[in-house]
Amino acid sequence: MRLLTHNMLSSNIKGVTNGFPLGIEVEKVIEKQVDFNPDFLRNMFAKVEWKALVDAARTMGYAELPEEADLSMLESDDFLKRFHHALLELHLEEGALVCPETGRKFPVNKGIPNMLLLEDEV
Amino acid sequence: MKLKQLESLLGDLEQFSNPKVELEQYPTGPHIASRILFTAHNSFGDVNGKVVADFGCGCGTLGAAAALMGAEQVIAVDIDSDSLKIASHNAEDLELDINFLQCDVKNLGWRGHIVDTIVMNPPFGTRQKGADMEFLHMALKISSQAVYSLHKTSTRDHVKRAALRDFGAINAEVLCELRYNIPQMYSFHKKREMDIAVDLWRFVPKVIEDMQ
Ligand SMILES: C[S@@+](CC[C@H](N)C(=O)[O-])C[C@H]1O[C@@H](n2cnc3c(N)ncnc32)[C@H](O)[C@@H]1O
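Computed from a predicted structure; not experimentally measured.

Trainee: Looking at this model, I keep getting lost on the UniProt feature "domain: Methyltransferase small" (unreviewed entry) in chain B. Mind explaining?
Mentor: In this structure's numbering, the residues bearing the UniProt feature "domain: Methyltransferase small" (unreviewed entry) are residues 34-131 of chain B. Summarising residues 34-131 of chain B: 32% helix, 19% strand, and an end-to-end C-alpha distance of 24 Å.

Trainee: How do you make sense of the interface of chain B and chain A when you look at a structure like this?
Mentor: Listed as interface residues are 25 residues of chain B and, on the opposing side, 28 residues of chain A. The contact between chain B and chain A buries some 2,300 Å² in all, and 56% of this surface belongs to carbon and sulfur atoms. The largest per-residue losses of area from chain B upon contact with chain A belong to B:Gln102, B:Arg111 and B:Ile114, which jointly make up 27% of the total buried on that side. Counting across the chain B and chain A interface gives 2 salt bridges. For the salt bridge of A:Lys47 with B:Asp116, the shortest nitrogen-to-oxygen distance reads 3.0 Å. The interface formed by chain B and chain A contains 14 residue pairs in polar contact (both at pLDDT 80 or more). Secondary structure elements with two or more residues in the side of chain B that touches chain A: β2 (73-78) and β3 (99-102) of chain B.

Trainee: Can you walk me through the site of the ligand in this structure?
Mentor: All names here are of chain B. Close to the ligand lie 21 residues; Gln-25, Thr-28, Gly-56, Asp-78 and Asp-104 are nearest. Here an oxygen atom of the ligand sits 2.9 Å away from a polar atom, N or O, in the side chain of Gln-25. Contact distances for the ligand include 3.3 Å between a nitrogen atom and a backbone N or O atom of Cys-57. In isolation the ligand offers 590 Å² of accessible surface; the protein chains occlude 100% of this area. Here the shell around the ligand is composed, by residue class, of 11 nonpolar, 6 polar and 4 charged.

Trainee: What is the right way to look at the nonpolar core in this model?
Mentor: Grouped burial of nonpolar side chains is what soluble globular proteins tend to show. Judged by nonpolar contacts, the single largest core of 68 residues is most densely connected at A:Phe83, B:Phe55 and B:Leu136. No other element matches the 7 residues that helix α5 (residues 131-142) of chain B contributes to this core. Residues B:Val52, B:Ala67, B:Phe100 and B:Leu150 belong to the second largest nonpolar core, which totals 39 residues.

Trainee: How should helix α6 (residues 156-166) of chain B be read in this particular structure?
Mentor: Spacing of three or four residues puts side chains on the same side of an α-helix, whose turn is 3.6 residues. Residues and elements named next belong to chain B. Those residues of α6 that fall on the buried side of the exposure criterion are Val-159, Ala-162 and Ala-163. Along the long axis of α6, the arc covered by the buried residues comes to 95°, so they all point the same way. Of the exposed residues in α6, those oriented more than 90 degrees away from the buried face are Asp-157 and Arg-165. Immediately beyond the C-terminal end of α6, within one or two residues, lies Gly-168, with a positive phi of roughly 70°.

Trainee: I tried to follow the pattern of salt bridges on my own but got confused; where do I start?
Mentor: Any two side chains of opposite charge can pair, on the condition that their charged atoms come close. Enumeration over the complete set of coordinates arrives at 20 salt bridges over all chains. Two residues, B:Asp195 and B:Arg179, come together in a salt bridge whose shortest N-O distance is 3.7 Å. Pair noted here: B:Asp195 is in strand β7 (residues 193-204) and B:Arg179 is in strand β6 (residues 171-183), with a separation of 16 residues, a long-range link. In this structure, a network of salt bridges that share partners links the residues A:Lys51, A:Asp55, A:Arg58 and A:Glu67.

Each value, and the rule that gives it
Residues numbered from 1 in each chain as written. Chains lettered and ligands numbered in written order. Predicted model: local features only at pLDDT ≥ 70, side-chain atom pairs only at ≥ 80, totals over all residues. Heavy atoms only, no water. UniProt positions renumbered as here; feature names shortened; annotations may be inferred. Helix = DSSP H or I, 4+ residues; strand = E, 2+ residues; numbered from the N terminus. Contact = heavy atoms within 4.5 Å. Buried area = accessible area lost by both parts, 1.4 Å probe. Salt bridge = Lys/Arg side-chain N within 4 Å of Asp/Glu carboxyl O. Polar contact = N/O pair within 3.5 Å; in protein donor to acceptor, adjacent residues only side chain to side chain. Near = heavy atom within 4 Å. Areas by Shrake-Rupley, 256 points an atom, 1.4 Å probe, with all protein chains shown as cover. Nonpolar A, V, L, I, M, F, W, Y, C, P; charged D, E, K, R; others polar. Core = buried A, V, L, I, M, F, W, Y, C linked by side-chain atoms within 4.5 Å. Buried < 20%, exposed > 50% of the residue type's maximum accessible area, 1.4 Å probe, protein only. Arc of directions from axis to C-beta.

This is the structure:
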């Protein structure tokens, strides 16, 4: 699971009012190289919840993103490369996503998060 | 990528070995799948460089087609882990880098508008009543640019009304009518195969910026 996916998933358990962002429990992180596309990243920047990305990346062992980011940073190649790495190249291969309100864990196996709810959670 | 080439690559994909009746698991054939993504790319620019999601991805044909047509990221979602296994083998075989997610599309928890385009062949709702409309509703909430979907031609008026009036689409257009061939996989299909009329739709969602 990429942090791109993490940045748009939220816990949808019945009764939960703010299920975003999901916590991350790491068992295994892998990195996969992805072609660098600055235009795509500039476009993504407006759609991403920055703080959730920074925190998630740090949990996965990558602490090179600035706490705060603004549009002027999109001029910098160095910034874009860090953003690229965090958003697209880090993968949670094994572990879990954790509902921020209930602590319910959603397992991630072989890189695939299982967000299925139990009957009494719907 | 040429249309013929796309169609032939999709034709090599592994499909459901033990389709589950209640989940309406039948594949979109390579002929239709290649034309959907080819049109989305060539006529509308909805694929290249975009984030594309495939809802009810099954063995991943539509998502793979999107990746082959130049989608920057593809997110393929299905409720069934057996389908996701086949879909990830298929992606590996074609050396495509696809994001998989196991989830019930009907209660997907989602934030923001990172996904541009959604392509789907939803369950037609013959086994889970209304499933096609629930997929469409969710797709129109999540995507920011376009939704491509197949629906039975017999439901055309209903689909149009629901999309425009209830799900806030700003446009709903039938791009073409197809003959969809559902092979006899299920005992309740009396004939050897069923040929049904299906519309290929393109919907444009209304994007409401949520507060960040
Ligand atoms: C008609 S098949 C289409 C498969 C594939 N997209 C294709 O075009 O070949 C419908 C798919 O939706 C999946 N599905 C059914 N109900 C679902 C649900 N509630 N949430 C997510 N996927 C679902 C099934 O497992 C199946 O793979």
